[in-house]
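Each chain, letter by letter, is given below.
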Amino acid sequence: MTIVLDILSWILLAGGSALLLIGGIGLMRMPDFYSRIQAAGLTDTLCSIMILLGLTLQADSIPLAAKLLFTLLFLMFTGPTAAHAMAKNAHHDGLEPWQSDAGGGSSKR
Amino acid sequence: MSRYVVSMTLVLVVLWLLFSGMWTHPVILPLGAASVALTVYLSPRLGLLDRDSDPVHMIGPALKYWPWLLWQIVRANLEVARRIIAGPGSISPRIARIDTPHTSDIGRSIYANSITLTPGTVTIQVRDDHIEYYALTGELVEELEAGEMAQRSRQFGDAL
């Protein structure tokens, strides 16, 4: 039983770390502010879900597991709020989304 | 009203036990019980007990909506991860607007948050009858236009 939990938690932690890495690469690689928020969205969502679930499987007491799960629940509410606040302010200040040259760019100023 | 008192007591007791972890401590446990009792005594006097503050009735609808949302988050994560690896040439960002068929404010805010929570799309502006959002690709716009998320978040909001 322990070995099954260990393998499962190992898969979750490794998957979460991979997403964290890809999100970090995306933060550097994406061309503008809005698309970088999306890359950060990877680390906000599935990455935190997988890492916190993986840690929950390693928790040796119910209160510890519960705290990890509640952390996850709260992150799922605060993450989008922060992302929305940034995107809204950028939009209000007139920041236009990046357009690829091939993509036409009808909304480009 | 008494229903909300019961559910608030239950929720507070469970939360206190989970967060403190002191299930047998001879001093802390009675102090926790006193805190719960004081809170349950004061809340109705402050007018804080009503349907909106009672999380128990949300459990059923949430258990229906959250697993579906989790699946959407997984799909969107894989999609955005693929675009990141493929590079900026693979994205075609745009700001789009979509009508909201929601009948309740809570349903509309659940929808707006769900759009933001799935990577690739971020809600920018919520109006009475539509939402403006940023999407990383045209496919994500088409997926939202298909309307399944709008439908499900509307049902969730109506059930609350």
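Rules of the game
- Residues numbered from 1 in each chain as written.
- Chains lettered and ligands numbered in written order.
- Predicted model: local features only at pLDDT ≥ 70, side-chain atom pairs only at ≥ 80, totals over all residues.
- Helix = DSSP H or I, 4+ residues; strand = E, 2+ residues; numbered from the N terminus.
- Rg over C-alpha atoms; globule rule 2.2 N^0.38 Å.
- Buried ≥ 20, exposed ≤ 12 C-beta atoms within 10 Å, placed from the backbone.
- Contact = placed C-beta atoms within 7 Å.
- Pairing = 2+ DSSP bridges.
- Axes fitted to C-alpha atoms, helices over the stretch in contact; angles between N-to-C directions.
- pLDDT = per-residue confidence, 0-100.
- Domains from an automatic or database assignment.
- Nonpolar A, V, L, I, M, F, W, Y, C, P; charged D, E, K, R; others polar.
- Parallel < 35°, antiparallel > 145°, perpendicular 65-115°, else oblique.
- Left-handed = near helix turned anticlockwise from the far one by under 90°.

> What's the story with the overall build of chain B in this structure? I'm lost.
Counting its regular elements, chain B contains six helices and three strands. Beginning at the N terminus, the succession of helices and strands in chain B can be written as α-α-α-β-α-β-β-α-α. Here the C-alpha radius of gyration of chain B, 21 Å, is well above what a compact globule of 160 residues would show, namely 15 Å. Across its three principal axes, chain B shows a C-alpha extent of roughly 65 × 35 × 25 Å. Evaluated residue by residue, chain B yields a buried proportion of 30% over its 160 residues. Contacts spanning at least 24 positions in sequence make up 68% of the contacts within chain B whose residues lie at least 6 apart.

> Quick question: what am I supposed to make of the overall build of chain A here?
Secondary structure assignment for chain A yields three helices and zero strands. C-alpha atoms of chain A, sized along the principal axes, occupy 60 × 25 × 15 Å. Taking the intrachain contacts of chain A between residues at least 6 apart in sequence as the baseline, contacts between residues at least 24 apart amount to 57%.

> Help me understand the pairing of strand 3 (residues 130-135) of chain B in this model?
For a regular strand, side-chain orientation follows a simple rule: the groups alternate between the two sheet faces. All names here are of chain B. With six bridges joining them, strand 1 (residues 94-99) and strand 3 adopt antiparallel strand pairing. Bridge assignment links I98 to a residue of strand 3, and that residue is I131. Where strand 2 (residues 121-126) folds back onto strand 3 in an antiparallel hairpin, the turn is made up of three residues.

> Teacher, can you tell me more about the sheet that holds strand 2 of chain B here?
Adjacent strands of a sheet pair through backbone hydrogen bonds, lying either parallel or antiparallel. All names here are of chain B. The strand order across the open sheet built from three strands is 1-3-2, with neighbouring strands paired in antiparallel fashion. Here the strands that pair on one side only, and so sit at the sheet edges, are strand 1 and strand 2. Ignoring which end each strand starts from, the neighbouring axes of this sheet average 30° apart. The strands touched by helix 4 (residues 105-117) within the sheet are strand 2 and strand 3, with strand 2 carrying the most contacts at an inclination of about 145°.

> For this particular structure, what's the right way to read the confidence of the model for chain B?
Close inspection of predicted coordinates is inappropriate in any region flagged by low pLDDT. Looking at chain B, pLDDT values average 91 and 99% of them are 70 or higher. Among the prediction metrics, the complex's ipTM stands at 0.84, with pTM recorded as 0.86.

> Honestly, the domain arrangement of chain B in this entry has me stumped. Any pointers?
Interfaces are often sized by the amount of accessible area the parts lose when they come together. The domain boundaries assigned to chain B delineate domain 1 (2-53) and domain 2 (57-159). Of note, the centres of domain 1 of chain B and domain 2 of chain B, computed from C-alpha atoms alone, are 35 Å apart.

> For this particular structure, what's the right way to read the interface of chain B and chain A?
Facing the 29 residues of chain B at the interface are 33 residues of chain A. For the side of chain B that touches chain A, the elements supplying multiple residues, two or more each, are helix 1 (2-20), helix 3 (59-86), strand 1, helix 4 and strand 2 of chain B. Looking at the side of chain B that touches chain A residue by residue, the class counts come to 18 nonpolar, ten polar and one charged.

> Whenever I open this one, the confidence of the model for chain A confuses me. Can you help?
Per-residue confidence for chain A averages 88 on the pLDDT scale, and 92% of its residues sit at or above 70. pLDDT under 50 marks residues 103-109 of chain A. Its contacts with residues more than four places away, or in other chains, come to seven contacts.

> Would you mind showing me how to read the packing of helix 2 (residues 33-58) of chain A against helix 3 of chain B here?
When two helices pack together, you describe them by how their axes are tilted relative to each other and by the distance separating the axes. Between helix 2 of chain A and helix 3 of chain B, the least distance of the axes is 10 Å, while the angle of their chain directions is 140°. Judged on the interaxial angle alone, helix 3 of chain B and helix 2 of chain A are oblique. The way helix 2 of chain A lies across helix 3 of chain B gives a crossing that is left-handed. Contacts between helix 2 of chain A and helix 3 of chain B involve Q38, A39, G41, L42, T45 and L46 of chain A from the former and I73, V74, N77, V80, A81 and I84 of chain B from the latter. A per-class count over the contact of helix 2 of chain A with helix 3 of chain B returns eight nonpolar, four polar and no charged.

> Where do I start with the packing of helix 1 of chain B against helix 2 (residues 28-45) of chain B in this structure?
All names here are of chain B. It is the contact of helix 1 with helix 2, at a shortest axis distance of 10 Å, that shows an interaxial angle of 150°. Considering how the two elements wind past one another, helix 1 and helix 2 form a crossing that is right-handed. Where helix 1 approaches helix 2, its residues V5, M8, T9, L12, V13, W16 and S20 are matched on the opposing element by I28, G32, V36, T39, V40, S43 and P44. A breakdown of the residues in the contact of helix 1 with helix 2 according to their chemical character gives nine nonpolar, five polar and no charged.

> How should the pairing of strand 2 of chain B be read in this particular structure?
In this sheet, strand 3 of chain B lies alongside strand 2 of chain B in antiparallel orientation, the contact comprising five bridges. When the sheet's bridge partners are listed, V126 of chain B is paired in strand 3 of chain B with I131 of chain B.

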